[in-house]
Amino acid sequence: MAAPAPCTEFTGLRRAAAGARPGRRGGNELCLAPFHRGAPRQQQRRRGVKTVAAISEDLPRLAAPGKKGGAAEGGGRPEKVLMRAALTVRRKQKEDLKEVMAGHLDALWDMVGRSVALELISTKIHPRTKKPLQSGKASIKDWCQKRGVKGEHVVYTAEFMVDSDFGEPGAITVANRHHREFFLESIVVEGGLPYGPVHFACNSWVQSTRELPTKRVFFSNKPYLPSETPPGLRELRDKELKDLRGDGTGVRKLSDRIYDYATYNDLGNPDRGKEFIRPILGGKKIPYPRRCRTGRPPTDTNMLAESRVEKPHRIYVPRDEAFEELKQGAFSAGRLRAVLHTLIPSMIATISAETHSFQGFHHVDNLYKEGLRLKLGLQEHLFQKIPLVQKIQESSEGMLRYDTPSILSKDKFAWLRDDEFARQSVAGINPVNIARLTVFPPVSNLDPAIYCSPESSITEADIACHLNGLTVQQAMDEAKLFTLDYHDVYLPFLDRINAIEGRKAYATRTILFLTQAGTLKPIAIELSLPPSQPGGPRPSKVLTPPSDATTNWLWMLAKAHVSSNDAGVHQLVNHWLRTHAIMEPFILAAHRRMSAMHPIFKLLHPHMRYTLEINALARQSLISADGVIESCFTPGPVSGEISATYYRNHWRFDLEGLPSDLVRRHAIHCPSITTLRCLILQITNLCSIMVTDIFILLRGVAVEDASQPHGIRLLIEDYPYANDGLLLWSAIRNWVESYVQLYYPDAGAVQCDDELQGWYHETVHVGHADVRDAPWWPALSTPADLASILTTLIWLASAQHAALNFGQYPLGGYVPNRPPLMRRLLPDPARDAAEYAAFMADPHRFFLNAMPGVLEATKFMAVVDTLSTHSPDEEYLGEGRDEPWTGDAAAVAAHAMFAADVRRAEETIERRNADQGRKNRCGAGVLPYELLAPSSPPGVTCRGVPNSISI
């Protein structure tokens, strides 16, 4: 046999020297250097970095007894070769008594032969049987002896004797004959064969054969397209995917590894009562993405609704999708903080029928200074009735005090200013709804037979004095007018929302003017209510910037209602639907249809981490009936329907990439337009378009411009989310295009990849079945198509989610700045003279009474604090992947270039935050925009871009 190619150092790994063929089709060009005797065996595990063990001994080639040569010499049996495997197992850091006892039992079981058994599978097949060549079974030799070894990682060894013509090991099977599962990080196999170390990146729980009788199979880190799969691995590749798909029946056990689909039929709990019934999301009636199937039985009162699993019981996700120990510990600590933060208000609520409001802004401030033992005008006898509260207060003072949100750190009163209200639309928690105003007055797409005239009540006279001498038409033509329009999102649901005790809302529209300084200012807010009868007049108020004390308080209340609308859309549509829920079908299909050997699966794998688990937890306690979202946000029990309405009417995968979303322009059927004059839409850089029953829906905050670095030109030049997002979008796009080119040289390679096509087809036709016939789904026919789809997915899972999630507490934790719900409409002397008199007498008290009460506010703050937290094992965009995730040196080199691009983007973001010309992110009392700065330490930092939707 030929000697292995020599290696040279390359980006911390080793690759074949010049002259050896790079890429995936040659030998095992990529190899890690063996750990030589005397080298350190332990590595510090940081943020999910995996330790990889290798055999240090020189493994001899042993001739078979009685034979001096191999099969070539005299036609006898081939000589035998000794191979050794090093298995890195990660231990739990904290074990309960039951787990400790099970560990001792496994050690004893190992001593009597019930050990962990391994078997190597060659990439070759036997010439006569056509079956894969296999080694004999080998058992881990030192499991029992290493029971007492300290440390997070333990390396075990096993030995195999194989024929010299065994070929390259391509897979390894593991049978766990112990009583409990263990977490297998990696396996490294090396020996006398001329292939160098062979790496198996496992990162999986291996169940006991008592739980799962079949052997687990792990493939080497060498990527193979389906058509290139070595003969010895083809059957295993197909069988593994079949096992992961399951048969679609039965109740899933927590130990299962089965990925399947179901509708959102577990958000309600009809067995608790009518008020807990929720519609099923998914199907022809209410289209929605699919979620992971659990197979739980139906409820007693509704056969179509799935029974629920309530905390603290775990809800099923495939075993390897569950949080690892570090992540689970951080998440549980956050839950504990949330429980403690809301315990006192919750207990008070159970013994007092009164809804407790903040009595002054200083009482809100006390949440950050003194913790939850607030005076708030409450009677001391309430605390005397619950002495446990005093005990908790005394013993857990640090846990009960909230951290001061970043929004207050530089200017405590900034939230009161109009410019700050507007700045948050481009640099806040929800910077994705601002749109260019192209039609005036703004127009609704709702049915006028039900909701009256679609035209807004805002007139040119309302805003003319705020346009710096321009007419409305001139301001629109010069791209100076923008809008936050939540009118159509909320209006159909307002009757139901406002019927809820302690909850009041409008459907809002806000018009913003772009100043010469590059900042925005609000110039009109419209507050609408539904007509009292179909087709009747629609109550509407239009407010403009204040001119006296009374209008100042009314303007503050109007801005609070806008923020409340914005908070609901942010949470239900932009955050939950457009990242969490949309990604789940793509993840399920990837596991079901693409082998772990598939290069595209390897690319997507870090961007799928923990998403199924966090989505399951959301169904359990966040988006469920009476969950946090319903309790704390304006939409309440219609939350799911608002989310589903957007999915049905507006969501389009082809427009979810950042440049497309910023330009976003698509036509929707709008019969209501026929009741109006023909509208002339001034679309940027296009000729005027006459429309009758078609309405052009657009964000229009950017226009296509090939001369610009990212192919588009922003109409709001200082738009921190878009400015920084385009840096990361370009880095992701370049990385994905480079990676795709390694495996797909032409369209034929894409079209002939059955696994790839099966993944995309199943995602569209099963995971997003309710919109599968939409004409806007991108084709998957060329390498460019594939790169575009993958870039969008990685963008959504990483940067887009980070921008919408990790600022929730830092930027939204001060409730007066961004109330998640409102409890009062604006005072109106015609509707309620007494209420108006109370407002005039004490507007400060009226404003605070319109805010969420103490219980709603503290519950909201506790939850978004947890959701804004980075765990210690977070894996960030562009970070080095220390484990040998692929055996393709070219892919490793491309990822190194991607990491460098991400580092450069972070440096650019730092410079921008120090640029005083960028007034939306730099200035006196102005917060820097860091939500898209890729790196972050653990905790609530208001920065950091994890690879995946992990919280």
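Residues numbered from 1 in each chain as written. Predicted model: local features only at pLDDT ≥ 70, side-chain atom pairs only at ≥ 80, totals over all residues. Heavy atoms only, no water.

We count it as follows: UniProt positions are given in the numbering used here, feature names are shortened, and annotations may be inferred rather than shown by experiment.
The name that an unreviewed UniProt entry assigns to the chain is Lipoxygenase, with the source organism given as Urochloa decumbens. According to the UniProt record, the Pathway (unreviewed entry) comment for the chain reads "Lipid metabolism; oxylipin biosynthesis." Entered under Cofactor (unreviewed entry) in the UniProt record, the comment concerning the chain runs "Fe cation".

Digging into the overall build of the chain
What counts is decided by this rule: Starting at the N terminus, helices and strands are each numbered in turn, a helix being any DSSP run of H or I of at least four residues and a strand any DSSP run of E of at least two. Burial classes: relative accessible area under 20% of the type maximum marks a residue as buried, over 50% as exposed, and values in between as partly exposed (1.4 Å probe, protein chains only). By definition, residues are in contact when any of their heavy atoms lie within 4.5 Å. For every accessible area listed, the method is Shrake-Rupley and the probe measures 1.4 Å; residues are considered covered only by the protein chains on display.
Assigned secondary structure in the chain consists of 28 helices and 27 strands. When the 951 residues of the chain are sorted by exposure, 59% land in the buried category. Considering only residue pairs separated by 6 or more positions, the chain has 74% of its internal contacts joining residues 24 or more positions apart. Entry remark: accessible area of the chain is about 37900 Å², with carbon and sulfur atoms responsible for 54%.

Let's talk about the environment of L780
Residue position: L780 is located in the loop between α22 (754-767) and α23 (783-805). We classify L780 as buried; its relative accessible area is 7%. The contacts of L780, once residues within four sequence positions are left out, are V750, L756, Q757, Y760, D785, L786 and I789.

A closer look at helix α28 (residues 889-913)
Using the following cut-off: Multiplying 1.5 Å by the residue count of a helix minus one yields the expected span of that helix. N or O atoms closer than or at 3.5 Å make up a polar contact, with two conditions inside protein: a donor-capable atom paired with an acceptor-capable one, and, for residues adjacent in sequence, both atoms drawn from side chains.
The terminal C-alpha atoms of α28, which comprises 25 residues, lie 37 Å apart, in line with the 36 Å expected from a rise of 1.5 Å per residue. Its side-chain oxygen 3.0 Å from the backbone nitrogen of A890, D888 forms the N-cap of α28.

Considering the pattern of salt bridges
This is how it is decided: Salt-bridge detection follows one rule: a side-chain nitrogen of Lys or Arg within 4 Å of a carboxyl oxygen of Asp or Glu.
Counting across every chain of the model gives 51 salt bridges. Close ionic contact of E306 with R291 constitutes a salt bridge, the shortest N to O distance being 3.1 Å. In this pair, E306 is assigned in the loop between β14 (291-292) and α3 (325-351) and R291 in strand β14, connecting sequence segments 15 residues apart. Accessibility classification places E306 together with R291 in one group, the buried group. R918 is the salt-bridge partner of D915, the closest N and O atoms lying 3.5 Å from each other. Since its relative accessible area comes to 33%, D915 is described here as partly exposed.

Describing the nonpolar core
For soluble globular proteins, the rule of thumb is that nonpolar side chains tend to be buried together. Stated precisely, the cut-off is as follows: Only buried residues count toward a nonpolar core, which is a set of Ala, Val, Leu, Ile, Met, Phe, Trp, Tyr and Cys residues joined through side-chain atoms within 4.5 Å.
Counting residues in each nonpolar core, the largest one holds 188 residues, and the members touching the most others are I434, L662, Y719, Y721, W759 and W777. When neighbours within four sequence positions are excluded, Y719 is seen to be in contact with V426, P431, V432, I434, L662, R699, V701 and L714. In terms of nonpolar packing, the next biggest core, distinct from the first, is built from 30 residues, F166, I187, L193 and F200 among them.

What to know about the confidence of the model for the chain
Short version of the rule: Values of pLDDT, ranging from 0 to 100, describe the predictor's confidence in every residue of the model.
Per-residue pLDDT for the chain averages 84, and the proportion of residues at 70 or more is 80%. Counting interchain partners and residues more than four positions distant, the pLDDT-below-50 stretch residues 1-52 has 115 contacts. When the criterion is pLDDT under 50, residues 373-399 qualifies, and its contacts beyond four places in sequence or with other chains add up to 45 contacts.

Comments concerning the pairing of strand β5 (residues 116-125)
Quick note on the threshold: If DSSP finds at least two bridges between two strands, the strands pair.
Among the 10 residues in β5, 8 count as buried, and that is most of the element. The pairing of β5 with strand β9 (residues 169-176) spans 7 bridges and is antiparallel. Residue pairing across strands places I121 opposite A171, the latter belonging to β9. Both β5 and strand β7 (residues 138-139) contribute to a ladder of 2 bridges, which runs antiparallel. From the neighbouring strand, L118 faces β7, where its bridge partner is A138. Inspection of the sheet shows β5 paired to strand β6 (residues 132-134) by 2 bridges, in the antiparallel sense. Within the sheet, the bridge partner assigned to I125 lies in β6 and is P132. Taken together, β5 and the strand that follows it, β6, pair antiparallel across an intervening segment of 6 residues, in which K130 is found at a positive phi of about 65°.

Some thoughts on the sheet that holds strand β16 (residues 481-485)
What counts here: Convention adopted: a line fitted to C-alpha atoms gives each axis, helices being fitted over their contacting stretch, and angles between N-to-C directions are expressed from 0 to 180 degrees.
Read across the sheet, 5 strands follow the order β15-β16-β17-β18-β19 without closing on themselves; strand pairing throughout is antiparallel. If you trace the sheet from one side to the other, it starts and ends with β15 (435-436) and β19 (540-543), each paired once. Where β15 lies against β16, 2 bridges are found, and the strand directions are antiparallel. Counted as the bridge partner of R436 is F482 from β16. Packing of helix α8 (residues 418-427) onto the sheet brings it into contact with β16, β17 (507-514) and β18 (520-528), and relative to β18 it is tilted by some 85°. Sitting on the sheet, helix α14 (residues 549-593) is in contact with β17, β18 and β19, with an inclination near 80° to β18.

A few points about unusual backbone geometry
In this structure, the amide linkage connecting K311 to the following residue, P312, adopts the cis form with an omega of 5°. Within the fold, P312 resides in the loop between β14 and α3. In the segment running from F440 into P441, the intervening peptide bond is cis, with an omega of -5°. Its place among the elements puts P441 in the loop between β15 and α9 (448-451). Phi is positive for C452, close to 70°, though the residue is something other than glycine. Considering the arrangement of structural elements, one finds C452 in the loop between α9 and α10 (460-463). Even without being a glycine, N468 presents a positive backbone phi close to 55°. Topologically, N468 is positioned in the loop between α10 and α11 (472-477).

Structural notes on the packing of aromatic side chains
Aromatic ring pairs: the centre-centre distance and the angle between the two ring planes describe each pair. What counts, and what does not: In this analysis, rings of Phe, Tyr and Trp, with Trp reduced to its six-membered ring, are considered paired at centre separations within 6.5 Å, and the interplanar angle assigns stacked below 30 degrees, edge-to-face beyond 60, and tilted for intermediate values.
Scanning all chains against the criterion turns up 29 aromatic pairs. Judged by centre distance (6.2 Å) and plane angle (50°), the rings of W759 and Y760 are tilted. We classify W759 as buried; its relative accessible area is 0%. Using a relative accessible area of 7% as the deciding quantity, one classes Y760 as buried.

Thoughts on the environment of R77
Following the sequence through the fold, R77 ends up in the loop between β3 (61-62) and β4 (80-90). On the accessibility criterion, R77 (67% relative accessible area) is exposed. For the pair R77 and S164, spaced 87 residues apart in sequence, the C-alpha separation works out to 9.6 Å.

Comments concerning the environment of V189
In this structure, V189 sits in strand β10 (residues 182-191). On the basis of relative accessibility, which here comes to 0%, the residue V189 falls in the buried class. Each C-alpha atom of the pair V189 and L120 lies 9.2 Å from the other, and the pair is 69 residues apart in sequence. Those residues in contact with V189 that lie beyond four places of it in its chain are M83, R84, A85, L120, I172, G196, P197, V198 and F200.

Comments concerning the packing of helix α20 (residues 720-743) against α23
When two helices pack together, their arrangement is given by the angle between the helix axes and the distance between those axes. Quick reminder of the rule: Oblique is the label for every angle not falling under 35 degrees (roughly parallel), over 145 degrees (roughly antiparallel), or within 65 to 115 degrees (roughly perpendicular). By convention the crossing between two helices is left-handed if the near helix lies anticlockwise of the far one by an angle smaller than a right angle, and right-handed if it lies clockwise. Classes in brief: Ala, Val, Leu, Ile, Met, Phe, Trp, Tyr, Cys and Pro nonpolar; Asp, Glu, Lys and Arg charged; the others, Gly included, polar.
In the contact formed by α20 and α23, the axes pass within 9 Å of each other and the chain directions differ by 140°. Judged by the angle between their axes, α20 and α23 are oblique. Our pair here, α20 against α23, has a crossing hand that is right-handed. Listed contacts from α23 to Y721, G725, L728, W729, I732, R733, V736, E737 and V740 of α20 are P783, L786, A787, L790, T791, T792, I794, W795, S798, A799, Q800 and A803. Among the residues forming the contact of α20 with α23, the class breakdown is 14 nonpolar, 5 polar and 2 charged.

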